[in-house]
Amino acid sequence: MDELIPLSNETLGDLPDDVRVPRYNRDELSAGMVHIGLGNFHRAHQSWYLHRLFDEGLAHDWAIVGAGVRAPDAAQRERLLSQDCLTTLIELGPSGRAVEVVGAMIDFVPVEETNTALIAQMVEPTTRIVALTVTEGGYYTDPVTGGFAETHPDIQHDAANPRSPKTAFGAMIEALRQRRDAGSGPFTGMSCDNLQGNGMILRQTMVGLARLIDADLADWIDSHCTFPNSMVDCIVPATGPAELELVRELGIDDDAPVTHENFRQWVIEDKFCAGRPDWDKVGATFTDDVHDFEAMKIRLLNGGHQVLANVGEILGIELISDAMSHPSIRALFHKVQSSEVAPHVNPVPGMSPENYISLIETRFANPAIIDTTRRVAFDGSSRHTGFILPTLREALRDGQPVKGLALVEALWARMCEGTREDGTQIEPNDPIWSDLTAAAAATKTDPAAWLAQSSIYGDLADQEAFADAFVHWMNVIWSDGVEAAIAEYVG
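Residues numbered from 1 in each chain as written. Predicted model: local features only at pLDDT ≥ 70, side-chain atom pairs only at ≥ 80, totals over all residues. Heavy atoms only, no water.

J.: Would you mind going over the sheet that holds strand β12 (residues 258-261) with me for this structure?
T.: Each strand in a sheet pairs with its neighbour through backbone hydrogen bonds, running either in the same direction (parallel) or in the opposite one (antiparallel). Read from one edge of the open sheet, 4 strands run β2-β6-β5-β12, paired in mixed fashion. Since the sheet does not close on itself, it has two edges, and those belong to β2 (19-20) and β12, each with one partner. As paired strands, strand β5 (residues 87-93) and strand β6 (residues 96-102) are joined by 7 bridges and run antiparallel to one another. Across the sheet, L92 pairs through a bridge with R97, a residue of β6. (Pairing = 2+ DSSP bridges. Helix = DSSP H or I, 4+ residues; strand = E, 2+ residues; numbered from the N terminus.)

J.: What am I meant to see in the nonpolar core here?
T.: Buried together is how nonpolar side chains tend to be arranged in soluble globular proteins. Among the nonpolar cores identified, the biggest contains 86 residues, and W450, Y457, F466 and F470 are the most heavily contacted of them. Every residue in contact with F466, bar those within four places of it in the chain, is listed here: L392, L396, V402, A406, E409, L451, Y457 and L460. Ranked by size, the runner-up nonpolar core spans 39 residues in total, among them V123, Y139, F148 and L209. (Core = buried A, V, L, I, M, F, W, Y, C linked by side-chain atoms within 4.5 Å. Buried < 20%, exposed > 50% of the residue type's maximum accessible area, 1.4 Å probe, protein only. Contact = heavy atoms within 4.5 Å.)

J.: Please explain the sheet that holds strand β3 (residues 31-36) as it appears in this structure.
T.: What the 5 strands build is an open sheet, ordered β7-β4-β3-β8-β9; its pairing is parallel. If you trace the sheet from one side to the other, it starts and ends with β7 (105-108) and β9 (188-191), each paired once. The average angle at which neighbouring strand axes cross in this sheet is 25 degrees, direction not considered. Looking at chain direction, β3 and strand β4 (residues 63-67) are connected through 5 bridges and run parallel. In the strand pairing of β4, H35 is matched with G66. (Axes fitted to C-alpha atoms, helices over the stretch in contact; angles between N-to-C directions.)

J.: I tried to follow the packing of aromatic side chains on my own but got confused; where do I start?
T.: Aromatic ring pairs are described here by two measures, namely the spacing of the ring centres and the angle between the planes. Applying the stated criterion across every chain yields a total of 14 aromatic pairs. Judged by centre distance (5.5 Å) and plane angle (45 degrees), the rings of Y139 and F169 are tilted. Within this pair, whereas Y139 is found in the loop between β8 (129-132) and α5 (153-160), its partner F169 is found in helix α6 (residues 168-182), the two being separated by 30 residues in sequence. The pair Y139 / F169 is uniform in exposure class, with both members buried. With a centroid separation of 6.2 Å and an interplanar angle of 50 degrees, the aromatic rings of F466 and F470 are classed as tilted. Residue F466 and its partner F470 are both found in helix α19 (residues 464-480); the two are separated by 4 residues, about one turn of the helix. The lysine or arginine in question, R128, covers the ring of W62, its NZ or CZ lying 3.9 Å from the ring centre. The lysine or arginine in question, R276, covers the ring of F286, its NZ or CZ lying 3.6 Å from the ring centre. (Phe/Tyr/Trp six-rings, centres within 6.5 Å; stacked < 30°, edge-to-face > 60°. Lys NZ or Arg CZ within 6 Å of the ring centre and 35° of its normal.)

In short, shape yes, function no, at least from these values alone.
Structural data, given as structure tokens:
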């Protein structure tokens, strides 16, 4: 292999001819956004849209300043600063790949326990949007009621120490306090996480925490700031040894490359109190009604991911694409999605639920995307409550079938027992893994023990149609195995 080219502003012109590089002068960019959570998804999705807008000669005063509020974010900061905040994106389609270097981010503030530098950047009048990708479980909501979890220790800390907060939301509130007092106005808070009504949830967390600190400030934030809902979609695997080797095969020395599928979608509620880039000029959709787009994606794609990942882990199937090509798993996926989820999803312009299921079956089967069942199954306690249970509750309310959804929950419980059917161990994969493992183990003699986790299921254990089906599937799984249960369900 020829000597690798270190990724930097100076070497962009030295990269291979088939690598698309920024067509704008990065020295002429100025900051307009802060983005908290510089993981792979943000860099393959929101950052790409802004980068392509820059390529069109537009919005050069909207560049991103990165930020993080967790200690591990400091390592990501060092990686990205060492390469001028550039990222190599490798698009992997079934028929080939395309490579692009994205340059929408121009700085990364220091990661500090007190978030002083982050607050200072958000106080800057040029900061007009603060966006977040902090995972579905990062918004301090009660998993059953969906309300603000004000008793969480992090929230209590920030309420008692508002000038040195530990959460992103506490830092945003302190920045808004300073902006209010200085007369520099509000900014838009934009969640880019997979949550139905993610803007409303962000508003709830921001206003709820602010009310614990200063009621007048909470009212000002509620009245002056905007929190648009959005739907984000692109399959972006984690970066590991294979991805690092792939970028090196291209001749590029990049310590933080990102691979992704050949599909993106971003639907955004057009509510921005301090201006916004024209992302729609490079493929995003602005609308005042994002709800149906959110529901289709979250319930069918994100929920469908859980169907594949949980049973894949139990059967020792490492990749999502392999799970999708497994005959019985694909049959389970198609039947539960078509008969028990799609009836609770409305069509959107240009796409019916049935056609969307076909689309995501193709996307999940893409063998070029090395996406693991373990990654997708991570934090099931947040993902099932956000992606599966809302559909289940609607089905029970409407008297619709839930046998397949009950099986999906039973498969999650079986995975959380911590062993695969071949006897190998499943490593901890959830923030409350020990609680889940204990409840799952109890199902061997008392299948209903799993549903007794009221912090996840609330009153669903009292819903006979669901509880009876769940107990049946749990018994079949433990006596005959998961493939027998799937075979019974798909008929």
